[in-house]
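# Architecture at a glance
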Amino acid sequence: MPDLPLFAFDNSFAREMQGFFVEWQGDKVPEPQVLRLNRGLAEQLGLDADALMGAGAVLAGAEVPAGAQPLAMAYAGHQFGGFSPQLGDGRALLLGEILDKQGKRFDLHLKGSGRTPFSRGGDGKAVLGPVLREYLFGEAMAALGIATTRALAAVTTGEQIMRDGPQQGAVLARIAASHLRVGTFQFFAARGELDRVRQLADYAIARHFPQVATSDAPYLRLFEAVVDAQAALVAKWALVGFVHGVMNTDNTSISGETIDYGPCAFIDAYDPAKVFSSIDRNGRYAYGNQPAVLHWNLSKLAETLIDLVNPADGDAAIAVLTQALHRFPVLYEQYWLAGMRAKLGLQGEVPEDLALAQDLLHAAEGQGVDFTGLFRDLAEVQRGDEVGVFAAPSVFGDWLLRYKARLVLGAAGADAMDAVNPVYILRNHLVEAALADAARGDMAAFDRLLAVVVRPFEVQAGAEAYAAPAPAEFGAHVTYCGT
Ligand code: AMP
Ligand code: MG
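Residues numbered from 1 in each chain as written. Chains lettered and ligands numbered in written order. Predicted model: local features only at pLDDT ≥ 70, side-chain atom pairs only at ≥ 80, totals over all residues. Heavy atoms only, no water.

## Things to note about the overall build of the protein chain
In terms of helices and strands, the protein chain carries 18 helices and twelve strands. Over its C-alpha atoms the protein chain spans a radius of gyration of 23 Å, differing by no more than 12% from the 23 Å that the globule rule assigns to 483 residues. Overall, the C-alpha framework of the protein chain stretches about 65 × 60 × 45 Å when taken along its three principal axes. Considering only residue pairs separated by 6 or more positions, the protein chain has 71% of its internal contacts joining residues 24 or more positions apart. Accessible surface, the protein chain: about 19400 Å² in total, of which carbon and sulfur atoms supply 53%. Across the protein chain, the mean location of the 39 positive side-chain charges is 2 Å away from that of the 56 negative side-chain charges. (Helix = DSSP H or I, 4+ residues; strand = E, 2+ residues; numbered from the N terminus. Rg over C-alpha atoms; globule rule 2.2 N^0.38 Å. Contact = heavy atoms within 4.5 Å. Areas by Shrake-Rupley, 256 points an atom, 1.4 Å probe, with all protein chains shown as cover. Lys, Arg positive; Asp, Glu negative; His and termini not counted. Charge placed at Lys NZ, Arg CZ, Asp CG, Glu CD.)

Shown next as structure tokens:
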């Protein structure tokens, strides 16, 4: 019997979007081996996990499987505020698109597969540590219910790649709702290719927001839909303490998924100014700055759509796009407040809820209070136990009085709070330890950490250390962009 193909590709981007990419293939590599396969995801995608385990060369980009049309996508982007007109997939390939068992379409994308025409000075490669980091973060975020790309596999290539020192080469095979970015629109808009911007917008609508296709103002509705999806996303980041680290417009998706994990991290202590990226010297992408940055990134998307929204009257187009853009902070606050009500176990809505939620964080600021643990401790308060940071005397004393008065108006209960407040997030010190072991060939800490964080809301016996903040000697955590 002939082997079944690994993937049932249906490549809409390759088929419909000529001119938006370069057809390309990955490098041959000496010893491609699947180091970790996401079996749960493979199953959801209807893929043969055992066949994938033997398909290291395909998942590294070194061999083109039946039906694939590998390509490098063109995009531009504002990086730390400065515009780069040509970025593009400099070390990645879109292998093709697959449909999951529900018929939902995903890109299958390889990161680290070799140089492309978009590589500029780069080597086109990825190394083991960052590949495993992205694997962990994608799975942890997905388990927290946050829209994200996800790892299908981490593959080692048998190459030695120079970074700070020699490191093991690796490729991440990941899936995404798509790889359309704000920067994809910017690439064609900056070149004045209006027809291509329109074609891209039509493709984005068909793929992500089909409900706006028949509207009388589809491009304005597209923009509104992206604003809404991104507001929901960045609010969710804030609610779990996630810092993306490199919110350039090329790392801002049109679908509203978290994309391109680099120097990202979860905060331990609550601190709006918290930055982890070694290259973010001005705190542009600090924890508390993420909504403002997203708002700015969306303004860059709006600029690319002016001529589509009203070809005859630019001022009129700018007026309606600006109005839609100004909805961002409003929507963000709505999503954030809805999330905080759930975290605090507040049932019903009263106008004071916003101040109550904000004041908890104000009280926590500068106290070294663990952000994740704070909300689990608060559920214990509902159970009648003033434990952890709420044990008297505490900086939260006055706040607790207000909180208890509010609960009288409607309380969801401690169990409902525990269902939305994680016990386990990816603690930086645990990530670093797991990656250091992995570099020495020991995957036990990686596997254990992954197993814990994919069940973030359940207290797991024996996993106490995974819920604890970093020991003091871990110091200030910095993530280097040497990816
Ligand atoms: P990132 O910081 O991974 O989002 O990448 C930003 C841009 O730099 C994208 O165009 C990447 O394709 C490109 N890039 C990053 N690392 C490399 C590399 N090692 N080789 C070639 N291009 C790269
Ligand atoms: Mg990127």
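## Re the pairing of strand β7 (residues 105–111)
Counting buried residues along β7, six of its seven residues qualify, which places the element largely inside the surrounding structure. Bridge count between strand β6 (residues 92–99) and β7: seven bridges; the pairing is antiparallel. Bridge pairing links G96 to L108 in β7. Here β6 folds back onto β7 in antiparallel fashion, the turn holding five residues, of which G103 has a positive phi close to 85 degrees. (Buried < 20%, exposed > 50% of the residue type's maximum accessible area, 1.4 Å probe, protein only. Pairing = 2+ DSSP bridges.)

## Considering the coordination of the magnesium ion (ligand 2)
With distances of 2.0 to 2.2 Å, the protein atoms coordinating the magnesium ion (ligand 2) are N251 (OD1) and D260 (OD). Under the relative-accessibility criterion, N251 is labelled buried at 13%. Using a relative accessible area of 12% as the deciding quantity, one classes D260 as buried. (Donors = N, O, S within 2.8 Å, 3.2 Å for Na, K, Ca; no water.)

## Some points on the domain arrangement of the protein chain
Interface size is commonly expressed as the accessible area that is lost once the parts come together. You can read the domains of the protein chain as domain 1 (12–176) and domain 2 (201–440). Tallying the contact residues gives 36 residues for domain 1 and 35 residues for domain 2. Of the roughly 2900 Å² buried at the junction of domain 1 and domain 2 (both faces included), carbon and sulfur atoms supply 63%. The tally of links between domain 1 and domain 2 comes to four salt bridges. The tally of links between domain 1 and domain 2 comes to 14 residue pairs in polar contact (both at pLDDT 80 or more). If you list the elements that add at least two residues to the side of domain 1 that touches domain 2, you get α1 (12–16), β4 (77–79), β7, α5 (128–143) and β10 (166–176). (Domains from an automatic or database assignment. Buried area = accessible area lost by both parts, 1.4 Å probe. Salt bridge = Lys/Arg side-chain N within 4 Å of Asp/Glu carboxyl O. Polar contact = N/O pair within 3.5 Å; in protein donor to acceptor, adjacent residues only side chain to side chain.)

## Notes on the site of ligand 1
The full set close to ligand 1 counts 16 residues, and G88, G90, R120, D123 and G124 are the nearest of them. Contacts to ligand 1 include D123, whose side-chain N or O atom sits 2.9 Å from a nitrogen atom. Between N251 and ligand 1, the recorded distance is 3.2 Å, taken from a side-chain N or O atom to an oxygen atom. For the shell around ligand 1, the per-class residue count stands at two nonpolar, seven polar and seven charged. (Near = heavy atom within 4 Å. Nonpolar A, V, L, I, M, F, W, Y, C, P; charged D, E, K, R; others polar.)

## Notes on the pattern of salt bridges
On inspection of all chains with the given rule, the structure shows 35 salt bridges. A salt bridge links R406 to D353; the nearest nitrogen and oxygen atoms lie 2.6 Å apart. Separated by 53 residues along the polypeptide, R406 in helix α14 (residues 397–407) and D353 in helix α12 (residues 353–364) bring together distant segments of the chain. As far as the burial class goes, R406 and D353 line up, both buried.

## Quick look at the packing of aromatic side chains
Tallying each qualifying case throughout the model produces 21 aromatic pairs. A ring pair is formed by F80 and Y285, whose centres lie 5.0 Å apart and whose planes are at 40 degrees; its orientation type is tilted. Of the two residues, F80 sits in the loop between β4 and β5 (82–84) while Y285 sits in the loop between β12 (265–266) and α9 (290–309), which places them 205 residues apart along the sequence. Take F80: its relative accessible area is 30%, and that puts it in the partly exposed class. You can call Y285 buried: its relative accessible area is 1%. The interplanar angle of 65 degrees and the centroid separation of 5.3 Å between the aromatic rings of W237 and F242 together place this pair among those described as edge-to-face. In this structure, W237 and F242 share a single accessibility class: buried. (Phe/Tyr/Trp six-rings, centres within 6.5 Å; stacked < 30°, edge-to-face > 60°.)

## Focus: the pairing of β10
The side chains of a regular strand alternate, residue by residue, between the two faces of the sheet. By the criterion of burial, β10 is predominantly enclosed, with eight of the eleven residues buried. Where strand β8 (residues 126–127) meets β10, two bridges bridge the pair, whose relative direction is antiparallel. Across the sheet, the residue bridging to A126 is A170, located in β10. Between strand β9 (residues 150–162) and the antiparallel strand that follows it, β10, lie three residues.

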